[in-house]
Amino acid sequence: MKEVVRTAVLGLGRLGYWHAENLAQKVKGAELVTVIDPMEGRAEQVARELGVKNWSQDINAAFHDDTIDAVVIVTPTSTHAELIKEAAKNGKQIFVEKPLTKELADADEVIQVLEEQKVNCQVGFMRRFDPAYSEAKKRIEAGDIGKPLYFKGLSRDGNVPHEEFIKYSGGIFLDIAIHDYDIARFLMNQDVTSVQSTGSILLESNRFMKKYNDVDQGLTYVTFDGGATGDVETMRVAPYAYDIRGEVVGTEGSIQIGSMRNTDVNILTSKGSTHDLIQDFPSRFQDAYLLEMIAFIESVRKGETPLCTAVDGKAALEIATAATQSFLSGEKVEVKSLNQGSLI
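### Let's talk about the overall build of the protein
Next up, step 1: Within the protein, the secondary structure is distributed over nine helices and 15 strands.
Next up, step 2: Per-residue burial for the protein yields a buried fraction of 54% across its 344 residues.
Next up, step 3: Summarising the internal contacts of the protein: among those between residues at least 6 apart in sequence, 72% fall at separations of at least 24.
Next up, step 4: With an accessible surface of roughly 15,700 Å², the protein has 49% of that area assigned to carbon and sulfur atoms.

### Points about the sheet that holds strand E12 (residues 253–257)
Next up, step 1: The strand order across the open sheet formed by seven strands is E12-E11-E7-E10-E9-E8-E15, and the pairing between neighbours is mixed. Only two strands of the sheet have a single partner each, and these edge strands are E12 and strand E15 (333–334).
Next up, step 2: Pairing between strand E7 (residues 148–156) and strand E10 (residues 229–235): seven bridges, direction parallel. From the neighbouring strand, Arg-156 faces E10, where its bridge partner is Met-235.
Next up, step 3: Against the sheet, helix H9 (residues 310–329) touches strand E8 (192–200), strand E9 (217–224) and E15, its axis set at about 45° to E8.

### Brief notes about the packing of aromatic side chains
Next up, step 1: According to the stated counting rule, one finds three aromatic pairs in the structure shown.
Next up, step 2: Between the aromatic rings of Trp-18 and Tyr-289, the centroid separation amounts to 5.9 Å while the plane-to-plane angle is 45°, which identifies the pairing as tilted. With Trp-18 in helix H1 (residues 14–25) and Tyr-289 in helix H8 (residues 281–302), this pair connects stretches of sequence that are 271 residues apart.
Next up, step 3: Residue classification places Tyr-289 among the buried residues on the basis of a relative accessible area of 6%.
Next up, step 4: Residues Phe-173 and Phe-327 carry aromatic rings whose centres are separated by 5.7 Å and whose planes lie at 45° to one another, so their mutual orientation is tilted. Residue Phe-173 is found in helix H7 (residues 172–188), and its partner Phe-327 is found in helix H9; the two are separated by 154 residues along the sequence.

### Topic: the confidence of the model for the protein
Next up, step 1: For the protein, the mean per-residue pLDDT works out to 90, and 90% of the residues sit at or above 70.
Next up, step 2: Overall, residues 262–269 carries pLDDT values under 50, and its contacts beyond four positions in sequence, including any with other chains, amount to 14 contacts.
Next up, step 3: Confidence drops under pLDDT 50 across residues 273–280; counting only partners more than four residues distant or on other chains, this segment forms 30 contacts.

### What to know about the pattern of salt bridges
Next up, step 1: Taken as a whole and assessed by the stated rule, the structure comprises 25 salt bridges.
Next up, step 2: The salt bridge involving Arg-156 is made with Asp-243; its shortest N-O contact spans 3.8 Å. With Arg-156 in strand E7 and Asp-243 in strand E11 (residues 243–250), this residue pair connects regions lying 87 residues apart in the sequence.
Next up, step 3: Among the residues examined, Asp-243 registers a relative accessible area of 0% and is labelled buried.
Next up, step 4: Between Asp-312 and Arg-185 there is a salt bridge; the shortest N-O distance is 3.3 Å. Of this pair, Asp-312 sits in helix H9 while Arg-185 sits in helix H7; the two residues are 127 residues apart in sequence, bridging distant segments of the chain. With respect to class, Asp-312 is no different from Arg-185; both count as buried.
Next up, step 5: Through salt bridges with shared partners, one network takes in Arg-128, Asp-182, Arg-185, Asp-191 and Asp-312.

### Remarks on helix H5 (residues 131–141)
Next up, step 1: The set of residues buried in H5 consists of Tyr-133, Ala-136, Lys-137 and Ile-140. Seen along its axis, H5 keeps its buried residues to an arc of 105°; they face one direction.
Next up, step 2: Phi turns positive, to about 85°, at Gly-143, one or two residues after H5.

Conventions we followed
- Residues numbered from 1 in each chain as written.
- Predicted model: local features only at pLDDT ≥ 70, side-chain atom pairs only at ≥ 80, totals over all residues.
- Heavy atoms only, no water.
- Helix = DSSP H or I, 4+ residues; strand = E, 2+ residues; numbered from the N terminus.
- Buried < 20%, exposed > 50% of the residue type's maximum accessible area, 1.4 Å probe, protein only.
- Contact = heavy atoms within 4.5 Å.
- Areas by Shrake-Rupley, 256 points an atom, 1.4 Å probe, with all protein chains shown as cover.
- Pairing = 2+ DSSP bridges.
- Axes fitted to C-alpha atoms, helices over the stretch in contact; angles between N-to-C directions.
- Phe/Tyr/Trp six-rings, centres within 6.5 Å; stacked < 30°, edge-to-face > 60°.
- pLDDT = per-residue confidence, 0-100.
- Salt bridge = Lys/Arg side-chain N within 4 Å of Asp/Glu carboxyl O.
- Arc of directions from axis to C-beta.

What follows is the structure, encoded as structure tokens:
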């Protein structure tokens, strides 16, 4: 077993910085060797803040450094495929933020290279590591609610992205709903066989989304290969909180997952009762981001397959792609089942 995993982080936006900070300060068995970002001054700044000795603007620098065991790729989605293949060909273990790739054809090629090079790749679906979702998985596997029959996913965010982000995001089903598609497979232990999606623009200020075939509200009805069904609600215009919840209904009960509460404190006054709400995804999933990175480093140290593989990443991408096609066509779309991958 490898005692220390020497790691590089590629891409130092907000999420890349969090991963770098966790690796530098909070993940046992990890050593952050270098940080990389093409923006002038960014990598040097982060290296200085986190006490990392090495930094670079060359996004490929880590691939040819024999002292680096693993790379964490947090670059734009359009770059994922080529960076994963280059990392694999140089023997690096890989963590990549979701989605695995932007196009399904690229996902097939990526998986082929990973298999040929015998390299593992963990995809950043952090909800699998969130304590609430993780506990729900254990309870479902233990049979607490009997056989799962229905999945309900809800992702509401009031922080509307700027137009430049929307332009390259791939749309609401790929950018946001894909998290629910992945956690649905994970909790239900079933693959999605078909989807039917609708969507609309609810706020006048978001009309610009129309030219990118995008919306600020979407709904996906899903069917599973085990006979279960479900729905995924996705919204960019929640005015009250960052609201992520889920539910699995079974033959003997239901498991409800998640809460809008930031703290479990009620304030009672003569005007009524109130409690504070979670306002952004860093607050809601701070623990999950750390736990997924701990799990990645442990999988590299022990030479084990990660919990969320590239095959799982492709499966979620397939569902998101089908959901987008359904939204654009107005018709139900069949999802080609992979019939493989880690659903547990």
